[in-house]
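Architecture at a glance
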Amino acid sequence: MRETDYAYSVGVIRYRETYLISKSDMDALVDMPDIESSLSFLDSKGYKDISLENLNAYLNQKSKEVWDFLVETVPNSTVFSFYLLKNDFHNLKVSLKSKVLGVETRDFLQPSCISPEFLKERVDEKDFDNLSYGLKECAIEAYDVLVRTKDGFLCDLVVDRHCLDAVLKEVQKTRNEFLISYANTFASFSTIKTAYRLAGGRRDKEIINMAVCHVSEPDRVELVEACAKSKEALISYLKSTKFNDIAKYLEKSVVVYEKECDERLIGMCMDVKDRVLGPEPIFAYYMAKEMEIANIRIILYCMRNGIDKETIRERVRNIYV
């Protein structure tokens, strides 16, 4: 599509941006004296009838509503399908574990490229032929691993690798330089996190190879070699690459690293949010809304678990509003 085809959608997004929760409002939310006050504050900001009961399902529905709005507004919403795939592959995990391990089916994520109900039906019938976006190949491999080992962690590794590979393949269809760059950065950050979690855990190369997707950077072979040695070796390798400046966050903790990665990704969106034409400002709005919902989830769960406000502030992601 031409960039001018998004002109109307960008105009609509500009209006919707004014209703995003600002950084000052997010700070105020953290400073609320109790969780009841926080829920009341969110109700006034558009999160009507929010409560702690079924909070996860409520926020997942909010994400779906944002996507539904984009579908109605954008001339070609499939340009963002690559980002939704993480939900499809999550739903595949849930369906596989329900089928093989008898785990209760819950918390399907939406929006998604494929209906969660259809996906679960295909898994229940062990009929993966009509699954697209790389889900067929993933389901076959993950199902086999789960049946043979009954190891949910190994299943997660397989699905997560296929997910990132699918994201990288799908985003190429957009032919959009920014979206491709975003997806590649997202995949690199995710792969590094996976490698760090496996490093030093006496995992052999076969398992590490099973988990690491085919990113262009960092070098996959060298990453696997370093991961197989130790966390220290992995950090040392990363410091010799373009990821040198982010490796230091892994040395602090995975939680700190995840926050830094999220903020760098939203920072990429900040750089393009003011463009007049093209899909970039629309994607930037969508990511800002996703980050807003993620922050609300972090704050409310932390408050419910009695975590102090300073720790909550450290976990909340900065947003561009």
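Residues numbered from 1 in each chain as written. Predicted model: local features only at pLDDT ≥ 70, side-chain atom pairs only at ≥ 80, totals over all residues. Heavy atoms only, no water.

Observations concerning the environment of Lys289
We apply this condition: Every helix listed is a DSSP run of H or I at least four residues long, and every strand listed is a run of E at least two residues long, numbered separately from the N terminus. A simple rule labels every residue: compare its accessible area, found with a 1.4 Å probe on the protein chains alone, to the largest value its type can have, and call it buried under 20%, exposed over 50%, or partly exposed in between. When checking whether two residues touch, look at their non-hydrogen atoms; a contact exists if any pair is within 4.5 Å.
Relative to the assigned elements, Lys289 resides in helix 15 (residues 280-304). For Lys289, a relative accessible area of 15% puts it in the buried group. Sequence separation between Lys289 and Ile35 is 254 residues, and the spatial gap between their C-alpha atoms is 22 Å. Every residue in contact with Lys289, bar those within four places of it in the chain, is listed here: Leu20, Tyr47 and Val66.

Regarding the pattern of salt bridges
This is how the line gets drawn: What makes a salt bridge here is a side-chain nitrogen of Lys or Arg within 4 Å of a carboxyl oxygen of Asp or Glu, nothing more.
Scanning the entire structure with this criterion turns up 30 salt bridges. A salt bridge links Arg14 to Glu17; the nearest nitrogen and oxygen atoms lie 3.4 Å apart. Separated by 3 residues within a single helix, Arg14 and Glu17 lie in helix 1 (residues 7-17), roughly one turn from each other. The partly exposed category is assigned to Arg14, whose relative accessible area is 27%. With relative accessibility at 14%, the residue Glu17 sits in the buried group. A salt bridge links Arg148 to Asp144, with the nearest nitrogen and oxygen atoms 2.9 Å apart. With a gap of 4 residues between them, Arg148 and Asp144 both fall in helix 7 (residues 135-149), about one helical turn apart.

Section: unusual backbone geometry
Between Gln110 and the following residue, Pro111, the backbone shows a cis peptide bond with an omega angle of 10 degrees. Within the chain, Asp49 stands out as a residue other than glycine whose phi angle is a positive 60 degrees. If you trace the backbone, Asp49 turns up in the loop between helix 3 (35-44) and helix 4 (55-73). A positive phi angle, close to 55 degrees, is found at Lys150, a residue other than glycine.

Considerations on the layout of surface pockets
Note the cut-off: Put simply, the grid is 1 Å and covers the protein atoms alone, a cavity is a trapped set of points that fit a 1.4 Å probe, a pocket is an open set with protein on both sides within 12 Å along at least five of seven lines, and lining residues have an atom within 4 Å of a point. Grid points are joined across faces, edges and corners, and a volume is the space filled by probe spheres set on the points.
Volume-wise, the largest pocket comes out at about 1,700 Å³. Looking at the lining of the largest pocket, the elements that each hand over two or more residues are helix 4, helix 5 (81-101), helix 8 (152-171), helix 9 (177-198), helix 14 (254-270) and helix 15.

What about the packing of aromatic side chains?
Test applied: Any two of the Phe, Tyr and Trp rings considered here, Trp counted by its six-membered ring, make a pair once their centres fall within 6.5 Å; the pair's planes then place it as stacked at under 30 degrees, edge-to-face at over 60, or tilted in between. For a lysine, the NZ atom is tested; for an arginine, the CZ atom; a charge sits over a ring if that atom is within 6 Å of the ring centre and within 35 degrees of the ring normal.
Here the structure, examined in full by the defined rule, presents 11 aromatic pairs. Consider the rings of Tyr83 and Tyr286, whose centres lie 5.8 Å apart with planes at 85 degrees: the pair is edge-to-face. With Tyr83 in helix 5 and Tyr286 in helix 15, this pair connects stretches of sequence that are 203 residues apart. Just as Tyr83 is buried, Tyr286 falls in that class too. Here the guanidinium or amino end of Arg16 rests over the ring plane of Phe69, the centre of that ring lying 3.7 Å away. Positioned over the ring face of Tyr47 is Lys62, at 5.5 Å from the centre of the ring.

Quick word on the nonpolar core
Test applied: Note on terminology: a nonpolar core comprises buried Ala, Val, Leu, Ile, Met, Phe, Trp, Tyr and Cys residues joined through side-chain atoms within 4.5 Å.
One finds Tyr47, Ile50, Phe82, Leu96, Tyr182, Phe283 and Ile296 to be the most contacted residues of the largest nonpolar core, which totals 110 residues. With 15 residues, the single largest contributor to this core is helix 15. In terms of nonpolar packing, the next biggest core, distinct from the first, is built from 5 residues, Leu164, Leu168, Ala187 and Val215 among them.

Focus: the side chain of Glu263
For clarity, the cut-off: Only four residue types enter the charge count: Lys and Arg as positive, Asp and Glu as negative, with His and the chain ends excluded.
Within the fold, Glu263 resides in helix 14. Lys259 provides the closest opposite charge to the buried, unpaired Glu263, separated from it by 4.0 Å. Not counting residues within four places of it along the chain, the set of residues in contact with Glu263 comprises Val316, Arg317 and Asn318.

Some points on the environment of Arg14
Stated formally: Pairs of N or O atoms are called polar contacts if they sit within 3.5 Å, as long as, within protein, a hydrogen donor faces a hydrogen acceptor (for residues adjacent in sequence, only side-chain-to-side-chain pairs).
Each C-alpha atom, one on Arg14 and one on Val224, is 44 Å from the other, the two residues being 210 residues apart in sequence. Other than its neighbours up to four places away in sequence, Arg14 contacts Lys273, Asp274, Arg275 and Pro281. Of note is the side chain of Arg14, whose polar atom sits 3.4 Å from the side chain of Glu17.

Observations regarding the packing of helix 13 (residues 244-252) against helix 14
The test is simple: Simply put, an axis is a line fit to the C-alpha atoms, just over the touching stretch for a helix, and the angle between two N-to-C directions goes from 0 to 180 degrees. Basically, the charged four are Asp, Glu, Lys and Arg, the nonpolar ten are Ala, Val, Leu, Ile, Met, Phe, Trp, Tyr, Cys and Pro, and anything else, Gly included, counts as polar.
At their nearest, the axes of helix 13 and helix 14 sit 7 Å apart, and the two run at 145 degrees to each other. Taken together, the residues of helix 14 that come into contact with helix 13 (itself represented by Asp245, Ile246, Tyr249, Leu250 and Lys252) are Val256, Tyr257, Glu260, Cys261 and Arg264. Of the residues contributing to the contact of helix 13 with helix 14, the split by class is 6 nonpolar, no polar and 4 charged.

Remarks on helix 15
Short version of the rule: Helix span, as expected, comes to 1.5 Å for every residue beyond the first.
Here helix 15 spans 36 Å end to end across 25 residues, near enough to the 36 Å set by a 1.5 Å rise per residue. Burial analysis of helix 15 places 21 of its 25 residues in the buried class, the great majority of the element. Following helix 15 by one or two positions, Gly306 adopts a phi angle in the positive range, close to 75 degrees.

Some remarks on helix 6 (residues 116-124)
As a reminder, the rule being used: Within this analysis, the arc is defined by the directions that extend from the helix axis to the C-beta atoms.
Among all positions in helix 6, only Pro116, Leu119, Arg122 and Val123 are buried. For helix 6, the angular spread of buried residues about the axis comes to 125 degrees, placing them on one side. Within two residues after helix 6, Lys126 carries a phi angle of roughly 50 degrees, on the positive side.

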